[in-house]
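Here are the chains, one letter per residue:
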Amino acid sequence: MPEPKELSAATAPRAASVADSGAGISPETILTALVGSALADQEVFCEFLQAGKQTTIRYGDLRREARRYAHYFQRNGVRPGEVVLIILRHSPDLFYSFLGAMLAGAIPSFMPYPTSKQDPRLYWSSHQQLFARIGSGALLTYTENLTALRTHLPDLPLRVLASEAAARSPAEFTAQPVAPGDIAFLQHSSGTTGLKKGVALSHAAVLTQVASYARTLQLSGSDRIVSWLPLYHDMGLIACFLLPLITHTPVVMLDAFEWVVNPTLLFDAIKLHRGSLCWLPNFAFHHLCRTVRPTARLDLSSMRAWINCSEPCRAETFRLFVNRFAGAGVKLQHLQVCYAMAETVFAVTQTPPARPPRTLALNADVFRSQRRADFADDDAPQQSALSTGVPLPGLQVRIVDEHRQPLPDSHVGEIAIAGDCLFSGYFRLPEETDRKLSDGWYHTGDLGFLRDGELYVTGRKNDLIIVHGRNYYAHELEYLVNQVPGVHPGRCVATGWFKPEIGSEEIVIIAETDAVAEIDRLQLGQAVKESLLARAGLTVFDVHLASAGWLVKTTSGKLSRVENLNKYLAALAEAQAQPAALP
Amino acid sequence: MNRDHLLSETGRIIRETVQCGPVAITRATRAMDVRGWDSLSHTMILMQLEDGFGIQLPMERVLTLGTVGELVDLIAELKAG
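Described in the following lines is the structure provided in the data block. Only a predicted model underlies this, so the values are computations on that prediction, with no experimental measurement involved. (Residues numbered from 1 in each chain as written. Chains lettered and ligands numbered in written order. Predicted model: local features only at pLDDT ≥ 70, side-chain atom pairs only at ≥ 80, totals over all residues. Heavy atoms only, no water.)

## Focus: the overall build of chain B
Line of reasoning, step 1. If you tally the helices and strands in chain B, you get four helices and zero strands.
Line of reasoning, step 2. Listing every helix and strand of chain B by position from the N terminus yields α-α-α-α.
Line of reasoning, step 3. Based on the C-alpha atoms only, the size of chain B along its principal axes is roughly 30 × 25 × 20 Å.
Line of reasoning, step 4. Taken over 81 residues, chain B has a buried fraction of 51%.
Line of reasoning, step 5. Across chain B, the fraction of contacts at a sequence separation of at least 24, relative to all contacts at a separation of at least 6, is 51%.
Line of reasoning, step 6. When the accessible area of chain B is evaluated, it comes to approximately 3,800 Å², of which 48% is carbon and sulfur surface.
Line of reasoning, step 7. Charged side chains in chain B number 8 positive and 11 negative. The centres of these two groups are separated by 4 Å. (Helix = DSSP H or I, 4+ residues; strand = E, 2+ residues; numbered from the N terminus. Buried < 20%, exposed > 50% of the residue type's maximum accessible area, 1.4 Å probe, protein only. Contact = heavy atoms within 4.5 Å. Areas by Shrake-Rupley, 256 points an atom, 1.4 Å probe, with all protein chains shown as cover. Lys, Arg positive; Asp, Glu negative; His and termini not counted. Charge placed at Lys NZ, Arg CZ, Asp CG, Glu CD.)

Here it is as structure tokens:
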């Protein structure tokens, strides 16, 4: 089979070379990591741990199986530039199909696979808007879903392909030209399925990010990444799939569902495989502290960086984690912070390895009233701010006011980012792209300040709620709740409640209804929960059904999320004070 | 301990772990029916059940459970031995 000319290993490194750190070569496109001649087929890419079994995936396996998928996609009419949505369970087929779609010149994108608790009708029909926007291309899933797809999405514009058939295809395909500026894949944001935006990322942007991030992390040939993160999330996709692939850093991968039930699996994998790097959302640090039994025999001494990313990081979380696992070898200087987003491929800033992240004690009054970060006097109320580190080489970060004009250091404003690993745009959403991306600057909607070259993220400009590392917009959830029959249209709020013990936000839905009978209210509450689970993949903390007029409005006549959450919490405290003497 | 007692004790552990207040837990109850019972608190519930009943819940079985009734049946099976 001929090697694709455009992917020849003869291409020179274009960005700062990952090889500088001894971790590997810097290729011209992502695929060169797969088809380049520099790699031995026997080199281990991943140890895949699932259901108590370990499967070793070597680069030779990746090449062969990705080619089978490329053949299968081409034989089924997938054309270069078309999108291939991949909806599969956590399995090695995720790697193979993703890379196979790229080899065929198509644009792959992972989507979360439905759980057994999600209503299939609601799950599939919620994709209608997203599939219509993509327009043409393919959807890869299992044969068992074909009937549900035909039933619930009769006008589906995509070809539906079954992954079982790909495994029987020959490992041959017709090479397609792939240039560095081509879109490599889409990352779909989390939240309401139909409204997900496809963040389009070029090969060049991904390689630039990986080279820059590898240098920042001082990645070396002795590193080993351990992860339980799902691949449809940017942290799993970039830090734990593409970064290992491109830099030849072995990765040990667990199943997210298994990890949540048995968090010690992560520590077992670190001990067994001598893991050195691990990315976790803030809640995961708490989950590990709460659930790993004191009797567990741990050895975490091989770790050099635990990187807290994807939801607001807290200094208290780090203190808790160090106190709990110091005996196993966890040190404060190993706990790091990363500020990341799909629109920059992944990392924007990273705290320097081997020193604890900087924490500032700020004057809380000045911070709130003047939106400025001043150091606190001894007597003044204090507010702490945890650094997310310095921008990666090649990225610029600035803070802007409401007119998008730059603000000086220590002033809080919107975080804007420019540089050579920005996304190409939101797929087929030009207006949304123009709204966020102007003059080469991406406006994040996050709030923060810069001080001594380090970025501190302090909040959000919009109504984003981050639950266990996944992003949800309150107005999108409210839109879904309003569609449930029985809820007064326009009379509901979705609110984020930060719970310190889990280190993350939970979502509480408060909706007004005329339903009075307990059975009717129970059914309505279930319908709201099922809709949010199926259409947004979200389990809410509670659906509180209230009578008409319960919800509080602001002076401008809008429903207040903050005030209604406070009102709900007061009612909840009262309810919890009652004695629990039921069967 | 018969199934009714197991159910009663399981319900108590669930309520105490997720702090959902005085709600009834029946065999038909699903996680979704109980305020605050999500995937994270589920793990805490399993740990409390293991400690309370002196058993070890196998992960592959736990991942397939749908209702409290199925959970109680699994506990009964493990206790029987």
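## Remarks on the sheet that holds strand 7 (residues 183–188) of chain A
Residues and elements named next belong to chain A.
Line of reasoning, step 1. Here we have three strands laid out as an open sheet, ordered 7-8-20, and antiparallel in their pairing. Both outer strands of the open sheet, strand 7 and strand 20 (425–426), are each paired with one neighbouring strand and no more.
Line of reasoning, step 2. In the sheet, strand 8 (residues 198–202) pairs with strand 20 via two bridges, with the strands oriented antiparallel. Along strand 20, the bridge assignment pairs A200 with G425. (Pairing = 2+ DSSP bridges.)

## What to know about the environment of A:K529
Line of reasoning, step 1. Structurally, A:K529 is set in helix 17 (residues 518–536).
Line of reasoning, step 2. Judged by its relative accessible area of 12%, A:K529 falls in the buried class.
Line of reasoning, step 3. Measuring from C-alpha to C-alpha, the distance between A:K529 and A:A511 comes to 12 Å, with 18 residues separating the pair along the chain.
Line of reasoning, step 4. In contact with A:K529, other than residues within four places in its own chain, are A:V540, A:V543, B:M32, B:D33 and B:V34.

## What about the pattern of salt bridges?
Residues and elements named next belong to chain B.
Line of reasoning, step 1. Enumeration according to the criterion identifies 29 salt bridges over all chains in this entry.
Line of reasoning, step 2. D73 serves as the salt-bridge partner of R27, at 2.9 Å between the closest nitrogen and oxygen. Of the two residues, R27 is situated in the loop between helix 1 (3–18) and helix 2 (39–53) and D73 in helix 4 (residues 68–80); the sequence distance between them amounts to 46 residues.
Line of reasoning, step 3. Judged by its relative accessible area of 38%, R27 is partly exposed.
Line of reasoning, step 4. Since its relative accessible area comes to 25%, D73 is described here as partly exposed. (Salt bridge = Lys/Arg side-chain N within 4 Å of Asp/Glu carboxyl O.)

## Comments concerning the nonpolar core
Here is a general trend for soluble globular proteins: nonpolar side chains tend to be buried in one another's company.
Line of reasoning, step 1. Counting 148 residues, the largest nonpolar core has A:F95, A:F185, A:L242, A:L266, A:W279, A:W306 and A:F346 as the members making the most contacts within it.
Line of reasoning, step 2. Tallying contributions element by element places helix 9 (residues 234–247) of chain A first for this core, with ten residues.
Line of reasoning, step 3. Setting aside residues no more than four positions away along its own chain, A:W279 makes contact with A:Y213, A:L217, A:I225, A:L229, A:M235, A:A239, A:C240, A:I307 and A:F346.
Line of reasoning, step 4. Listed in part, the 25 residues of the second largest apolar core include B:C20, B:V34, B:L46 and B:I55. (Core = buried A, V, L, I, M, F, W, Y, C linked by side-chain atoms within 4.5 Å.)

## Here's the deal with the interface of chain A and chain B
Line of reasoning, step 1. Contact with chain A, which involves 31 residues of that partner, is made by 25 residues of chain B.
Line of reasoning, step 2. In this assembly, chain A packs against chain B so that about 2,500 Å² is buried in total across both faces, 62% of it on carbon and sulfur atoms.
Line of reasoning, step 3. Where chain A touches chain B, the interface holds three salt bridges.
Line of reasoning, step 4. Note that A:R293 is salt-bridged to B:E50, the shortest N-O span being 3.0 Å.
Line of reasoning, step 5. At the boundary of chain A and chain B, one finds eight residue pairs in polar contact (both at pLDDT 80 or more).
Line of reasoning, step 6. Secondary structure elements with two or more residues in the side of chain A that touches chain B: helix 10 (256–261), helix 12 (282–291), helix 17 and helix 18 (561–576) of chain A.
Line of reasoning, step 7. In terms of residue class, the side of chain A that touches chain B is built from 15 nonpolar, eight polar and eight charged. (Buried area = accessible area lost by both parts, 1.4 Å probe. Polar contact = N/O pair within 3.5 Å; in protein donor to acceptor, adjacent residues only side chain to side chain. Nonpolar A, V, L, I, M, F, W, Y, C, P; charged D, E, K, R; others polar.)

## Quick look at helix 1 of chain B
Residue and element names in this part refer to chain B.
Line of reasoning, step 1. The first and last C-alpha atoms of helix 1 sit 22 Å apart over 16 residues, in line with the 22 Å expected at 1.5 Å per residue.
Line of reasoning, step 2. L6, L7, T10, G11, I13, I14, R15 and V18 are the residues of helix 1 that are buried.
Line of reasoning, step 3. Two to three positions downstream of the cap, the backbone nitrogen of D4 sits 3.0 Å from a side-chain oxygen, assigning the N-cap of helix 1 to N2.
Line of reasoning, step 4. Where helix 1 ends, the next residue or the one after it, Q19, has phi of about 50 degrees, a positive value. (Expected span 1.5 Å × (residues − 1).)

## A word on the environment of B:G36
Line of reasoning, step 1. Topologically, B:G36 is positioned in the loop between helix 1 and helix 2.
Line of reasoning, step 2. Measuring from C-alpha to C-alpha, the distance between B:G36 and B:Q19 comes to 7.6 Å, with 17 residues separating the pair along the chain.
Line of reasoning, step 3. B:G36 has contacts with A:F541, B:V18 and B:S41, leaving out every residue within four places of it along the chain.

## Re the packing of aromatic side chains
Each pair of aromatic rings is reported with the distance of its centres and the angle of its planes.
All names here are of chain A.
Line of reasoning, step 1. In this structure the tally under the stated criterion is 28 aromatic pairs over all chains.
Line of reasoning, step 2. With 5.8 Å between their ring centres and 75 degrees between their planes, F45 and Y59 make a pair best called edge-to-face. Of this pair, F45 sits in strand 1 (residues 44–50) while Y59 is found in helix 2 (residues 59–75), placing the two residues 14 residues apart along the sequence. Judged on exposure class, the residue F45 and its partner Y59 are both buried.
Line of reasoning, step 3. An angle of 70 degrees between the planes, with centres 5.6 Å apart, marks the rings of Y113 and Y142 as edge-to-face. In this pair, Y113 is assigned in the loop between strand 4 (107–110) and helix 4 (120–125) and Y142 in the loop between strand 5 (137–141) and helix 6 (146–152), connecting sequence segments 29 residues apart.
Line of reasoning, step 4. For Y113, a relative accessible area of 16% gives the class buried.
Line of reasoning, step 5. You can call Y142 buried: its relative accessible area is 10%.
Line of reasoning, step 6. Of the aromatic side chains, those joined through ring pairs into one cluster are F45, F48, Y59, F95, F98, F110, F185 and F241.
Line of reasoning, step 7. Sitting over the face of the ring of W497, K499 holds its NZ or CZ atom 5.0 Å from the ring centroid.
Line of reasoning, step 8. Geometry around W550 places K567 over its ring, the cationic atom sitting 4.2 Å from the centre. (Phe/Tyr/Trp six-rings, centres within 6.5 Å; stacked < 30°, edge-to-face > 60°. Lys NZ or Arg CZ within 6 Å of the ring centre and 35° of its normal.)

## Quick notes on the sheet that holds strand 27 (residues 504–513) of chain A
Residues and elements named next belong to chain A.
Line of reasoning, step 1. What the three strands build is an open sheet, ordered 26-27-28; its pairing is mixed. Of all strands in the sheet, those bounded by a partner on one side alone are strand 26 (487–499) and strand 28 (542–546). The average undirected angle you get between the axes of adjacent strands in this sheet is 25 degrees.
Line of reasoning, step 2. With nine bridges connecting them, strand 26 and strand 27 associate as antiparallel partners. (Axes fitted to C-alpha atoms, helices over the stretch in contact; angles between N-to-C directions.)

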